[in-house]
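Descriptive analysis of the structure
Here are the chains, one letter per residue:
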Amino acid sequence: MRTLVHLSDLHFGRVDYSVVEPLVEKVNEVKPDVVVVSGDLTQRARSQQFKEAREFLDRLPKPQIIVPGNHDVPMHNAYARFFKGLNKYKRYITDDLEPFYSDTEIAVLGLNTARRFTIKYGRVNEDQIAAIRERLCAFGDEVTKIIVTHHPFDLPEGGDENELVGRARLAMETIAVCGADVLLAGHLHLSHTGESSARYKIAGHSALVVSAGTATSTRGRGESNSFNVLRIKHPFINVERLSWAAESARFTPSSTEHFKHTPDGWTRVPDEMAAEIVYSDEKTIAPPTDS
Ligand SMILES: [Fe+2]
Ligand SMILES: [Fe+2]
C-alpha cells in the first residue's frame, strides 16, 4: 500500500494561521509515502510568502511532489511577471518544474501549468505531454501512475470550463495511451472527485480525477479548509477527505470514497462493498504462546 497526502492552494499571505499547526501535525500523523502540493503556495508570489511556505514544507514528510500555481507567478507587477516569472518559486520552493517520484507501486509526475501570459488560467504544452509519455508509459499496470497539475482536468458540476487546464484534450490522449490512473489538481478551492470518462470519451480509459480544496487559505468558496489522503493498493484507491472542524480545532474525516481499476478504467465502488477492501500491508502477528 502507498499513502499520499494531497494538499493544495496554501496561499501563504492569506492564510488562516489557526489551521497551520494542526495541519502539520495531522499530515505527519498520517505518515504518507509522498506529499503532493498542487500549486498556489502563495497569495502574491512575494519573498516573505515563499519563505513561510518553505518553512511549512520543511515540517512535512518527504519526498514531496510540488507544482506551482497561477498565484506563484507575480500578478500585478508586469515587469516581474514577464521577466522574472517563477524565479522566486524556484529559489524558495524548488527549481524542479517537472518533479518525479517512483517506486514499485506508484509513479508520480508533477507538471507546471502556470503561465506568464495569463493571470488565472493554465495549460500543458507539448514538451510536458512528451514528459508524460517518457516518464509514465513504461510502467506496467501494477504501478499506479499519477499526474499532478495546478489547473484541473475536470470540474464539479456547473464549473467554469475556462478553469480547465488548456490543451487538456490533447494531453488526455497521451494520458490514456500511457494508462495514467489518477489526476490530482487544485485551483478551484473546491473538493471534487470524478472519472475522466465523463468528459473525455476515450475507449478503455477512465482516470480518477481528484481536486483538493484549499488546505490553509481563508478563501474557501464555501468549503472549510481540507486536504485529501489517497491510499493506493492496486487495483483499489481510497480517497479520504479531511476537513477543518473549527469546534474541535482539528482536521477530521469528512468523506471517503473507494475506486477500483477495471478494463474500462477507474470506477466507484459502492459503499456496501468497500468495507471488505483491505488496504493495509501489515501482516497479522501471531500472539506469543506459552511454552
Ligand atoms: Fe488558489
Ligand atoms: Fe490557482
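Residues numbered from 1 in each chain as written. Chains lettered and ligands numbered in written order. Predicted model: local features only at pLDDT ≥ 70, side-chain atom pairs only at ≥ 80, totals over all residues. Heavy atoms only, no water.

1. Some words on the overall build of the protein chain
- What the protein chain contains, in helices and strands, is 7 helices and 13 strands.
- Since a compact globule built from 291 residues should have a radius of gyration of about 19 Å, the 19 Å found for the protein chain is in line with a globular shape.
- C-alpha extents for the protein chain along the principal axes are approximately 75 × 45 × 35 Å.
- The buried share among the 291 residues of the protein chain stands at 55%.
- In the structure as shown, the protein chain presents an accessible area of about 13300 Å², 50% of it carried by carbon and sulfur atoms.
- Once the 35 positive and 40 negative side-chain charges of the protein chain are each reduced to a mean point, those two points are 8 Å apart. (Helix = DSSP H or I, 4+ residues; strand = E, 2+ residues; numbered from the N terminus. Rg over C-alpha atoms; globule rule 2.2 N^0.38 Å. Buried < 20%, exposed > 50% of the residue type's maximum accessible area, 1.4 Å probe, protein only. Areas by Shrake-Rupley, 256 points an atom, 1.4 Å probe, with all protein chains shown as cover. Lys, Arg positive; Asp, Glu negative; His and termini not counted. Charge placed at Lys NZ, Arg CZ, Asp CG, Glu CD.)

2. Comments concerning the coordination of the iron ion (ligand 1)
- Distances from the iron ion (ligand 1) to its protein donors, namely Asp9 (OD), His11 (NE2), Asp40 (OD) and His189 (NE2), fall within the range 2.0 to 2.2 Å.
- Between the 4 donor atoms coordinating the iron ion (ligand 1), the angles at the centre fall across 87 to 177 degrees, so the site counts as irregular.
- The sequence pattern formed by the donor residues of the iron ion (ligand 1) is D-x1-H-x28-D-x148-H.
- In this structure, the iron ion (ligand 1) is positioned 3.5 Å from the iron ion (ligand 2), and both are ligated by aspartate 40. In this pair, aspartate 9 is assigned in the loop between strand 1 (2-7) and helix 1 (17-30) and aspartate 40 in the loop between strand 2 (34-38) and helix 2 (47-58), connecting sequence segments 31 residues apart. (Donors = N, O, S within 2.8 Å, 3.2 Å for Na, K, Ca; no water. Tetrahedral: all angles 85-135°; square planar, octahedral: opposite > 155°, others 65-115°.)

3. Observations regarding unusual backbone geometry
- Omega for the bond connecting lysine 62 with proline 63 falls within 30 degrees of zero, at 5 degrees, which places this linkage in the cis form.
- Residues histidine 234 and proline 235 are joined by a peptide bond in cis, for which omega reads 5 degrees.
- Tracing the chain through its elements places proline 235 in the loop between strand 10 (226-233) and strand 11 (236-245).
- Even without being glycine, lysine 31 reaches a positive phi, approximately 55 degrees.
- Secondary-structure assignment places lysine 31 in the loop between helix 1 and strand 2.

4. Describing the environment of arginine 59
- Summarising the element assignment, arginine 59 is placed in the loop between helix 2 and strand 3 (64-67).
- With a relative accessible area of 41%, arginine 59 lands in the partly exposed category.
- Sequence separation between arginine 59 and glutamate 142 is 83 residues; the distance between their C-alpha atoms is 31 Å.
- Apart from residues no more than four positions distant in its own chain, arginine 59 is found in contact with Glu21, Val24 and Asn28. (Contact = heavy atoms within 4.5 Å.)

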